[in-house]
Amino acid sequence: QVQLAESGGGLVQAGGSLRLSCAASGRTFSNYSMGWFRQAPGKEREFVAAISSSGGSTYYTNSVKGRFTISRDNAKNTVYLQMNSLKPEDTAVYYCAADSYRRFPILTPSQNTYWGQGTQVTVSS
């Protein structure tokens, strides 16, 4: 079992930046591939970014490439999402996800995917 807790969401103006954090506990963090997903009102949850268990590989959805950066600190059991040049269409609840190291990138959830509770990101125009 892995417990995930996101933080760092908030309200920001278009063009601004936020850094989300996801703290993990319960199992060996470095055994897990990690990802960020988001869900806007009335829409399905969608993949945003993923990072391999070692942190050596990353993957992004096209709409955030060049603006968002995913990283992890295995010593601190934490994964981050640095979000720059934010746009109103980035407004959503952002969720942290963990899955087996074999499932990189986590483009779609599996029955073994662990989720955090989510953190709201609102970008005003």
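Right, let's walk through the structure included here. (Residues numbered from 1 in each chain as written. Predicted model: local features only at pLDDT ≥ 70, side-chain atom pairs only at ≥ 80, totals over all residues. Heavy atoms only, no water.)

Let us look at the sheet that holds strand β8 (residues 78-83). One open sheet holds the 4 strands; their spatial order is β1-β3-β8-β7, and the pairing between them is antiparallel. Each having just a single partner strand, β1 (3-7) and β7 (68-73) make up the two edges of the open sheet. Strand after strand, the sheet turns through a mean of 15° between neighbouring axes, direction not considered. (Pairing = 2+ DSSP bridges. Helix = DSSP H or I, 4+ residues; strand = E, 2+ residues; numbered from the N terminus. Axes fitted to C-alpha atoms, helices over the stretch in contact; angles between N-to-C directions.)

Before going further, it helps to examine the packing of aromatic side chains. Scanning the model with the defined rule gives 5 aromatic pairs in all. With 6.3 Å between their ring centres and 75° between their planes, Tyr32 and Tyr114 make a pair best called edge-to-face. Of the two residues, Tyr32 sits in strand β4 (residues 32-39) while Tyr114 sits in strand β10 (residues 114-115), which places them 82 residues apart along the sequence. On the basis of relative accessible area, Tyr114 is assigned to the partly exposed category, the value being 21%. (Phe/Tyr/Trp six-rings, centres within 6.5 Å; stacked < 30°, edge-to-face > 60°. Buried < 20%, exposed > 50% of the residue type's maximum accessible area, 1.4 Å probe, protein only.)

Moving on, we come to the environment of Ala50. Along the chain, Ala50 turns up in strand β5 (residues 46-51). Overall, the relative accessible area of 0% leaves Ala50 in the buried class. Separated by 56 residues in sequence, Ala50 and Ile106 place their C-alpha atoms 6.3 Å apart. Excluding anything up to four places from it in sequence, Ala50 contacts Met34, Gly35, Ser57, Thr58, Tyr59, Ile70, Phe104, Pro105 and Ile106. (Contact = heavy atoms within 4.5 Å.)

Let us now look at the pattern of salt bridges. Summed over all chains, the structure comprises 4 salt bridges. As a salt-bridge pair, Arg38 and Glu46 come within 2.7 Å of each other at their nearest N and O atoms. The partly exposed category is assigned to Glu46, whose relative accessible area is 38%. Ionic pairing is found between Asp90 and Arg38, a salt bridge with its closest N-O pair at 2.9 Å. Of the two residues, Asp90 sits in the loop between β8 and β9 (92-100) while Arg38 sits in strand β4, which places them 52 residues apart along the sequence. For the residue pair Asp90 and Arg38, the accessibility class agrees, reading buried in each case. Bridged by salt links that share partners, the residues Arg38, Glu46, Arg67 and Asp90 form one connected network. (Salt bridge = Lys/Arg side-chain N within 4 Å of Asp/Glu carboxyl O.)

To continue, consider unusual backbone geometry. Of note, the amide linkage connecting Phe104 to Pro105 takes the cis form, showing an omega dihedral of -10°. Tracing the backbone through its elements, the reader meets Pro105 in the loop between β9 and β10. Of note in the backbone geometry, Ser85 takes a positive phi value of approximately 50° without being a glycine. Structurally, Ser85 can be placed in the loop between β8 and β9. Accessibility expressed as a relative area gives 40% for Ser85, which makes it partly exposed.

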